[in-house]
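Single-letter residue listing:
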Amino acid sequence: MLVTTSYKPTAAAIDRAKRLADELNARYVERGTWSVRKLGLRYRDPNVLLVAEHELQYYGGGEKPLFFHPSLSLIRVKRLMNGQRDALIDIAEAAPGDRVLDCTAGLGADAIVFSYAVGGTGQVTAVESESALYTIVREGLAVYETQLQLFDEAMRRVRLTLGHHLDVLKRLADNSVDIVYFDPMFRQPVEESSAIGPLRQVANHDPLTTEAVAEAVRVARKTVVLKEHRDSGEFERLGFERPARTRTKIAYGVIRP
C-alpha cells in the first residue's frame, strides 16, 4: 500500500502521512502533480491511502474512495433522541450502562448508535481486522465533527480495537459483556447501498464462523445479534432465530444465551 498526501500539503499533513505509513508498514510517496490513479500505476500498487487535511481517503482500485463518515448513524441517533425506536437497539435489548462488543466495526455506524444507546455509563468496543480500515475509522472517530454534541460524544466513546474478533472473544471471560454484535459483509450484497461499495475494497470478506458464534454465546449476558440480508441462509447456518420479514433487505437475527 502507498501513503501520500493531497496536492500542496502542509508540513503537518506530510508528517501525519509518514507516521501512518510507518504504522501500516506501507510506502510513503510524495504526491507531486500525480493523480492517485497514475501514482498507483507509477509504483505498481493500486492501494493508496491519501492523507488530506481533514480526512483520510482510501483508494483500492474502485471508482470511489473510502473515507470515514457517520452515514445513517446520525439520522438514527436523531430519531432515538426524539423518542423513536431503532430496530437494532430493540432486538439487542441495549440499555444505558450495557457493555457492547461490536465484532465487525466496518465504518463504525452501528457502534456509534450503540454508544449513544448505552450512554456514558456503558461501553462499546468495536473490533476491526483490516489495518487500513481500522486506521481510517480510528482517525475519523477521533476528529469528525457534526453540529450535534451528543452524537460527537457518542463517537468519541467508541473504543476501536485492531484484531480479529475470534481472538478477542477467546480472551474474554464468560458473561463479561452484555451484547455481542456481528455485521459481516453480506453473503448476498445489497447492491443499491452506496455506502457499502467503497467499503468492499478494503473490508474482510470471510464468512462468520460457528466457532465465533459459540464464543459470542459464551461471552454475552443478554443477546448475540447478527445483521444480514433478510433472505440469507446465514441465520439458519449459524443458529440464529429466523428474523421476521421486513420491508427492507436488512434483517437481524438474535440468540439469547
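Shown above is the structure to which this text applies.
Now for a description of the structure that goes with this document.

It is worth spelling out unusual backbone geometry at this point. In this structure, Lys8 is a non-glycine residue whose phi angle is positive, near 50 degrees. Structurally, Lys8 can be placed in the loop between strand S1 (2-5) and helix H1 (11-23). We classify Lys8 as exposed; its relative accessible area is 81%. In this model, Ser71 sits at a positive phi of 55 degrees, which is unusual for a non-glycine residue. Here Ser71 is to be found in the loop between strand S4 (56-59) and helix H3 (73-81). On the basis of relative accessibility, which here comes to 35%, the residue Ser71 falls in the partly exposed class.

For strand S8 (residues 177-182), the tally of buried residues reaches six of six residues, placing the bulk of the element in the interior. Bridge count for strand S5 (residues 99-102) against S8 is three bridges, and the pairing is parallel. Within S8, the position partnered with Asp102 by the bridge is Tyr181. In terms of strand pairing, S8 meets strand S9 (residues 220-229) through five bridges, oriented parallel. Counterpart to Phe182 in the pairing with S9 is Leu226.

Moving on, we get to the packing of H3 against helix H5 (residues 109-118). At their nearest, the axes of H3 and H5 sit 9 Å apart, and the two run at 20 degrees to each other. Put simply, H3 runs roughly parallel to H5. Of the two elements, H3 crosses H5, and the hand of that crossing is right-handed. Packed against H3, whose contacting residues are Ser73, Arg76, Val77, Leu80 and Met81, the element H5 presents Ala109, Asp110, Ile112, Val113 and Tyr116 at the interface.

Moving on to the nonpolar core. By size, the foremost hydrophobic cluster in this structure holds 46 residues, and its most contacted members are Ile112 and Phe114. Excluding residues within four positions of it along the chain, Ile112 makes contact with Phe68, Ser73, Leu141, Phe151, Ala154, Met155 and Val158. Residues Leu166, Leu169, Leu226 and Phe240 belong to the second largest nonpolar core, which totals 22 residues.

Spatially, S7-S6-S5-S8-S9-S10 is the arrangement adopted by the six strands of the open sheet, whose pairing is mixed. Each edge of the open sheet is held by one strand with a lone partner, namely strand S7 (159-162) and strand S10 (250-255). The sheet shows a mean angle of 20 degrees between the axes of neighbouring strands, taken without regard to direction.

The next thing to look at is the pairing of S10. Within S10, five of the six residues are buried, which leaves the element mostly enclosed by the surrounding structure. The pairing of S9 with S10 spans six bridges and is classified as antiparallel. For Val224, the partnering residue across the bridge sits in S10 and is Ile255.

This part covers the sheet that holds S4. The strand order S2-S1-S3-S4 describes an open sheet built from four strands, whose pairing is mixed. What marks the edges here is a single partner per strand, and that holds for strand S2 (27-28) and S4. Where strand S3 (residues 48-51) meets S4, four bridges bridge the pair, whose relative direction is antiparallel. By the bridge assignment, Val51 is partnered in S4 with Leu56.

The next thing to look at is helix H10 (residues 210-219). Residues Ala212, Val213, Glu215, Ala216 and Val219 constitute the buried set of H10. The buried residues of H10 all sit within an arc of 160 degrees when viewed along its axis, so they share a single face. Those residues of H10 hidden inside the fold are in contact with helix H8 (165-171), S8, S9, helix H11 (234-238) and S10.

This next bit is on the packing of aromatic side chains. In the structure shown here, the tally under the stated rule is two aromatic pairs. Summarising the aromatic geometry, the rings of Phe68 and Tyr144 are spaced 5.6 Å apart at their centres and angled 75 degrees between planes, so their arrangement reads as edge-to-face. Of the two residues, Phe68 sits in the loop between S4 and H3 while Tyr144 sits in the loop between helix H6 (131-143) and helix H7 (149-157), which places them 76 residues apart along the sequence. Assessed through its relative accessible area of 6%, Phe68 is described here as buried. Each ring, one from Phe114 and one from Tyr181, has its centre 5.6 Å from the other, and the planes form 65 degrees; the classification is edge-to-face. Pair noted here: Phe114 is in helix H5 and Tyr181 is in strand S8, with a separation of 67 residues, a long-range link. The two residues Phe114 and Tyr181 agree in class, both being buried.

Conventions used here
Residues numbered from 1 in each chain as written. Predicted model: local features only at pLDDT ≥ 70, side-chain atom pairs only at ≥ 80, totals over all residues. Heavy atoms only, no water. Helix = DSSP H or I, 4+ residues; strand = E, 2+ residues; numbered from the N terminus. Buried < 20%, exposed > 50% of the residue type's maximum accessible area, 1.4 Å probe, protein only. Pairing = 2+ DSSP bridges. Axes fitted to C-alpha atoms, helices over the stretch in contact; angles between N-to-C directions. Parallel < 35°, antiparallel > 145°, perpendicular 65-115°, else oblique. Left-handed = near helix turned anticlockwise from the far one by under 90°. Contact = heavy atoms within 4.5 Å. Core = buried A, V, L, I, M, F, W, Y, C linked by side-chain atoms within 4.5 Å. Arc of directions from axis to C-beta. Phe/Tyr/Trp six-rings, centres within 6.5 Å; stacked < 30°, edge-to-face > 60°.

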